[in-house]
Amino acid sequence: EFKINDDLLNYKMLKLTLQPLVENAIYHGIKNKRGRGHLTIIADYAEGSIEKMQFTVIDDGAGLE
């Protein structure tokens, strides 16, 4: 699932910036989960700023102890 602030759609970013984070969430989180996993990628302005962007990758996988 993608949750992207529409105001950020006109910006460009380096290729493969998010790939390691998404790959890690799949490999270490969702891969070992029974059933289907869910992955969310959020892009928005950093809290209290319109000059900084924040990217968040969330999975509902096994997690860490």
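Refer to the structure above for everything that follows.
Residues numbered from 1 in each chain as written. Predicted model: local features only at pLDDT ≥ 70, side-chain atom pairs only at ≥ 80, totals over all residues. Heavy atoms only, no water.

(A) Seen up close, the side chain of Asn 5. Tracing the backbone through its elements, the reader meets Asn 5 in the loop between β1 (2-4) and α1 (19-30). A distance of 2.7 Å separates the side chain of Asn 5 from the side chain of Asp 44, its partner in a polar contact. If near-sequence neighbours (up to four positions away) are discounted, Asn 5 is found in contact with Ala 43, Asp 44 and Tyr 45. (Helix = DSSP H or I, 4+ residues; strand = E, 2+ residues; numbered from the N terminus. Polar contact = N/O pair within 3.5 Å; in protein donor to acceptor, adjacent residues only side chain to side chain. Contact = heavy atoms within 4.5 Å.)

(B) Structural detail: the environment of Leu 9. Here Leu 9 lies in the loop between β1 and α1. Considering only alpha carbons, one finds Leu 9 and Ala 43, 34 residues apart in sequence, at a separation of 9.5 Å.

(C) Molecular detail of a nonpolar patch on the surface. Together, Tyr 11, Met 13, Met 53 and Phe 55 make up an exposed nonpolar region whose accessible area comes to about 380 Å². In this structure Met 53 comes out as partly exposed when scored by relative accessible area, which is 37%. (Patch = residues over 30% accessible without salt bridge, like charges linked within 9 Å, V, L, I, M, F, W, Y side chains within 5 Å. Areas by Shrake-Rupley, 256 points an atom, 1.4 Å probe, with all protein chains shown as cover. Salt bridge = Lys/Arg side-chain N within 4 Å of Asp/Glu carboxyl O. Buried < 20%, exposed > 50% of the residue type's maximum accessible area, 1.4 Å probe, protein only.)

(D) Local environment of the nonpolar core. One finds Val 22, Ala 25, Ile 30, Leu 39 and Ile 41 forming the largest nonpolar core, which totals 5 residues. Elements with a contribution of two residues or more to this core: α1 and β2 (39-45). Looking at which element gives the most residues to this core, the answer is α1, with 3 residues. Leave out the neighbours within four places in its chain, and Ile 30 touches Ala 25, Gly 37, His 38, Leu 39, Asp 59, Asp 60 and Gly 61. (Core = buried A, V, L, I, M, F, W, Y, C linked by side-chain atoms within 4.5 Å.)

(E) Broad picture of the pairing of β2. As paired elements, β1 and β2 share 3 bridges and run parallel to each other. Looking at the pairing, Ile 4 lines up with Ala 43 of β2. Relative to strand β3 (residues 53-59), β2 runs antiparallel, the two sharing 7 bridges. Bridge pairing in β3 places Tyr 45 opposite Met 53. (Pairing = 2+ DSSP bridges.)

So yeah, pure geometry; function would need other evidence.
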